[in-house]
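What follows is the residue order along each chain.
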Amino acid sequence: MKFSSALKFNAVADWWDEYIAYDVLKRHIYQLEKEHHRLSQNVDLEANEHTALFQPDYSSIDGVFLPLLDQELHKIAAFYEQKEKELFDELQTLEDLVAEQDAAGVEDWEHYMDDYADEEDEEDEEDDHVGDHVHFEGECPPKRRRRKSSSVGFRPRSGSGARNGHSGHRLSVSSVDHSYDLEARSRPHANSRSKSPIGQIADRLMGMRDSITSLPTESVWTARTNYAWDIRLLFKRRITNLYVSFCSLKSYVEVNHSGFRKILKKYDKVTYNEAQDRYMHDIVETRLPFLQSSKDKVADAINRLVTLYAKCVTGDDPSAAVQQLKVHQREHIAWERNTVWRQMLAQERHGGTDATELRGGAILVRQEEAGTVGIPTPLGSFRFKRKRIPLVLSIVVFIALMNMNVIKDGPEANKCFAILIFSTMMWASEAIPLFVTSTLVPFFLIVFRVVRSNDENPEPLPTPDATKQVFSAMFSPTIMLLIGGLTISAALSKTNIDRMLITRLLSMAGSKPRTVLLAFMGVSCFASMWISNVAAPALCFTLIRPILRTLPARSSFAPCLILGIALAANIGGQSSPISSPQNLITVGYMDPKLDWASWFAVALPVSIISVILIWLLLLVSYQPARAPDGDGEIEIRTIRPTRERFTLKQYWVTVVCIVTIALWCIEHEIENMIGDMGVIAIIPIVAFFATGVLKKDDFEQFAWTIVFLAMGGIALGAGVKSSGLMDTMDGAIHQMLEGQSLYSVVIVLSIVVLVVSTFISHTIASVLLVPIAQQVGKNLPGGHANLLIFLTGLICSTGMGMPVSGFPNQLAVAQEDDLGQAYLTNVDFLKNGIPASIIATLVVSTVGYLLMLAIGL
């Protein structure tokens, strides 16, 4: 959670205006960054070069920003001083009241009992007043029945204004039942009105006996009388409220201290300054709220309240007092967070305030109505949402194919064909989540008895045997390899290794736009190899924020840089076997499996050439170095490398990753010992989770939807093969390719894969097309199945001509400037994404093809 959201979530709502204005200060930092970058440069129009007018003057920046911090610090210190005085005055008053009550004791119990007897027939019309020595300022007395009292606890009153006092039990202030709480104690004279006169007299005598017995030895804090009950309940409420207030004051100091530390860290990072340690030590921590003596004073007050609570409520049991007071505090915090702050955070997570309105302190989110379609029927018009049309159409096609004899080679092949078409339509339209469709695949294969035996006369397997066969195929070594890749990605991200390495590489890029663009594209491609082409562009888009903030308005470098990162991340998706799900599916269909060294021998040259050619395309298309007004060139702010040093945990993660990747590279040589790359993937899982680098929460946050998507694709491939549908496709493909050369097949297959992967998910494209490539390769002379499988897997990552073509493109099109305007449009993808896709596909089908032949595929 970002600190601005955490601040709202942890702040006391009534004190909100007294907290550090974190968001306002952050906006000032970004404005200072932009102004300083603009003033520190001068454009030489004649030489068309940038020259610095002066070195960065950090003192001038400090002179603008630090006074803003001083204002916030003064506001916080003044509020703390006022609130501290109020609370300590109230604490002293409360301690005096307790001491006064101790001195008063319970010696006038006789007057209290006489008053109780007189109340039987009186009306409950008005409240009594608490005696002077237990007066609660600013707090309404509890609306419960009271007794007239003597000088012991309540001042006697003339007249008949007292309230009836024989309700069964009193309600506690807390909504939680404690083992030693007041509401658990039985009141004397309970339910006296429901008893006979003899029973009421007996109850009164019993109460008098208890009071007489307790008088010499018990105090008002332990006596079991009506008077003692009322006193304890009132003090319990007072102590609890004061305890919560002191805890809130303590939290107020801690949150604001974190706020100053966070905003100074951001200030240093953005302005390349070193003000955090100096300002925190010399200024912040010398003010009253942040002094250690002030913290000790508040802690001592909390301990005094615990002592009072133990004395007044829990019978001198401090552990029970601490437990009950913490329960009260948790209830208070839960109530606070379930009001407007929680609604505000939920609304922000749903994306801004455009579709919201504020009513009565609550934020209401207005959902846009989805488009609907009306279909007239004899029974009336039937309406449903437009997005459900692909779902209905897919179901209709599925039912029709199941009842038609499209494939003549057996009912199992025909049913598998219906499942294949249904899955393809569902995956392409995304009528339901992709992983849900994948989960349906094994269900259909088993229920419709598509899976057949492997003997010479194949017959449909019984459902128990089919279940074992399908699920054993789904959890293959390829899936274990995918989970191992997700583990490595999570470890690199959590330990911040990816950010440290990337910032150090980018710091060497300089300030020329063309160099910065190439550096970011190279880093995006490289990062996609190891932390997936899903996480890598997200990280890069975070790193370019300081650059985007300092660019001139309408600069072409911003859309060029964002698009370059996305396209390079797509190319990085083909660079290593674990960089994308389509690569893992590709490896799974190869026989024999391709080791990592052979993969790198083909994929790395192809990726490098593709990135360089796409970089040249973007330079020609955008001319990113040109200033928006056409005069001169812009200069990019240099990325500052991180100054953090590697920790022992980071060295451990690095060593485990290197060892794992090295074993994957030599898997063929150690196959007799290891068995498969999926077994090697267990090493990082055990190494990181067993040593605490990753936790259970990290495991739960893995991209399990991608895992299930891959498992569904593997199950579908197994069903196509087992049902006999693959044999039917094999015969048709053999007739089509008879007499065709290998390279002719490569060109045709490249075009088909590029078109399909542009309009649907890269992973789904590989699920559908890799089995076909495998079968095509088997029908060609020379046994080039692995070559076509490899080629198909690489080209699946090159489909990037549309905003929906892969996750990097989807993330890029969502990038917006400070005014909420998107940097990229569909025109950017049509003008640059489609040519980039064609370039990358040509590189794979030429350079990649030659390299595949060179390594013996």
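Residues numbered from 1 in each chain as written. Predicted model: local features only at pLDDT ≥ 70, side-chain atom pairs only at ≥ 80, totals over all residues. Heavy atoms only, no water.

Participant: Teacher, can you tell me more about the pattern of salt bridges here?
Facilitator: Should their charged atoms come close, side chains of opposite charge can pair. The tally for this structure, following the rule as stated, stands at seven salt bridges. Of the charged contacts in the structure, one is a salt bridge between Lys83 and Glu86, with a shortest N-O distance of 3.4 Å. With Lys83 and Glu86 both in helix α3 (residues 58-104) and three residues apart, the pair spans about one turn of that helix. Residue classification places Lys83 among the buried residues on the basis of a relative accessible area of 16%. (Salt bridge = Lys/Arg side-chain N within 4 Å of Asp/Glu carboxyl O. Helix = DSSP H or I, 4+ residues; strand = E, 2+ residues; numbered from the N terminus. Buried < 20%, exposed > 50% of the residue type's maximum accessible area, 1.4 Å probe, protein only.)

Participant: How do you make sense of unusual backbone geometry when you look at a structure like this?
Facilitator: Glycine aside, a negative phi is what most residues show, and trans is what most peptide bonds show. A cis amide bond links Asp591 to the next residue, Pro592, at an omega of 5°. One can find Pro592 in the loop between α20 (581-589) and α21 (596-622). Notably, Asp316 is not glycine yet its phi reads approximately 60°, a positive angle. Mapped onto the elements of the fold, Asp316 is located in the loop between α8 (292-312) and α9 (318-337). Asp316 gets classed as exposed once you look at its relative accessible area, which sits at 58%. One non-glycine residue with positive phi stands out, namely Arg449, at about 55°. On the basis of relative accessible area, Arg449 is assigned to the partly exposed category, the value being 38%.

Participant: Explanation requested: the layout of surface pockets in the structure shown.
Facilitator: Its volume calculated, the second largest pocket comes out at about 720 Å³. Along the walls of the second largest pocket sit 30 residues, with Tyr589, Gly717, Ala718, Lys721 and Gln774 positioned nearest its centre. If one sorts the elements of the lining of the second largest pocket by residue count, helix α27 (residues 704-723) sits on top with five residues. Among the residues making up the lining of the second largest pocket, the classes are represented as 11 nonpolar, 12 polar and seven charged. (1 Å grid on protein atoms, 1.4 Å probe; cavity = no way out; pocket = protein on both sides within 12 Å on 5 of 7 lines; lining within 4 Å. Points joined across faces, edges and corners; volume = space filled by probe spheres on them. Nonpolar A, V, L, I, M, F, W, Y, C, P; charged D, E, K, R; others polar.)

Participant: Is there a simple way to explain the packing of aromatic side chains in this structure?
Facilitator: The relation between two aromatic rings is expressed through the spacing of the ring centres and the mutual angle of the planes. In total, this model carries 23 aromatic pairs according to the counting rule given. Consider the rings of Phe398 and Phe448, whose centres lie 5.9 Å apart with planes at 65°: the pair is edge-to-face. With Phe398 in helix α11 (residues 389-402) and Phe448 in the loop between α13 (434-447) and α14 (463-474), this pair connects stretches of sequence that are 50 residues apart. Linked through ring pairs, Trp15, Trp16, Tyr19, Phe79 and Tyr252 together constitute an aromatic cluster. We note Lys297 situated over the ring of Phe88; from NZ or CZ to the ring centre the distance is 4.7 Å. (Phe/Tyr/Trp six-rings, centres within 6.5 Å; stacked < 30°, edge-to-face > 60°. Lys NZ or Arg CZ within 6 Å of the ring centre and 35° of its normal.)

Participant: Any chance you could explain the nonpolar core here in plain terms?
Facilitator: Among the nonpolar cores identified, the biggest contains 153 residues, and Trp664 and Leu788 are the most heavily contacted of them. Discounting chain neighbours no more than four positions away, the residues touching Trp664 are Leu481, Ile488, Ile578, Asp595, Trp596, Met677, Ile680 and Ala681. (Core = buried A, V, L, I, M, F, W, Y, C linked by side-chain atoms within 4.5 Å. Contact = heavy atoms within 4.5 Å.)

Participant: When you look at a nonpolar patch on the surface in this model, what are you seeing that I'm missing?
Facilitator: On the surface, a cluster of nonpolar side chains totalling about 460 Å² of accessible area is made up of Leu518, Ile608, Ile609, Ile612, Leu613 and Leu616. Residue contributions to the nonpolar patch peak at five residues, all from α21. Its place among the elements puts Leu518 in helix α17 (residues 513-543). (Patch = residues over 30% accessible without salt bridge, like charges linked within 9 Å, V, L, I, M, F, W, Y side chains within 5 Å. Areas by Shrake-Rupley, 256 points an atom, 1.4 Å probe, with all protein chains shown as cover.)

Participant: I'm lost on the packing of helix α15 (residues 477-494) against helix α25 (residues 682-690) in this one. Help?
Facilitator: Describing two packed helices takes the angle between their axes plus the distance from one axis to the other. At a minimum axis separation of 8 Å, α15 and α25 run at an interaxial angle of 40°. What the angle tells us is that α15 and α25 run oblique. Taken as a pair, α15 and α25 cross one another with a handedness that is left-handed. Here Met480, Ile483, Gly484, Thr487, Ile488 and Ala491 of α15 come into contact with α25, specifically with Ile682, Pro684, Ile685, Phe688 and Phe689. (Axes fitted to C-alpha atoms, helices over the stretch in contact; angles between N-to-C directions. Parallel < 35°, antiparallel > 145°, perpendicular 65-115°, else oblique. Left-handed = near helix turned anticlockwise from the far one by under 90°.)

Participant: Please clarify how the environment of Asn786 should be interpreted in this entry.
Facilitator: One can find Asn786 in helix α31 (residues 785-796). We classify Asn786 as buried; its relative accessible area is 11%. The spatial distance from the C-alpha of Asn786 to the C-alpha of Gln774 is 7.0 Å, given a sequence separation of 12 residues. For Asn786, the contacting residues outside a window of four places in its chain are Met590, Asp591, Pro592 and Leu857.

Participant: Explain helix α19 (residues 557-572) here, please?
Facilitator: Every α-helical turn comprises 3.6 residues, leaving residues that sit three or four positions apart pointing alike. Its 16 residues give α19 an end-to-end C-alpha distance of 22 Å, which sits within 8% of 22 Å, the value for a rise of 1.5 Å per residue. Taking burial as the measure, the 16 residues of α19 include 16 buried ones, the bulk of the element. (Expected span 1.5 Å × (residues − 1).)

Participant: Hey, could you run me through the confidence of the model for the protein in this one?
Facilitator: Atom-level detail of predicted coordinates should not be read off regions where pLDDT is low. Averaged over every residue, the pLDDT of the protein is 75; residues scoring 70 or more account for 75%. Note on residues 42-56: pLDDT is under 50 here. Beyond four places in sequence and across chains, it has 23 contacts. Note that pLDDT drops below 50 for residues 211-216; the model gives that stretch seven contacts with residues more than four away or on any other chain. (pLDDT = per-residue confidence, 0-100.)

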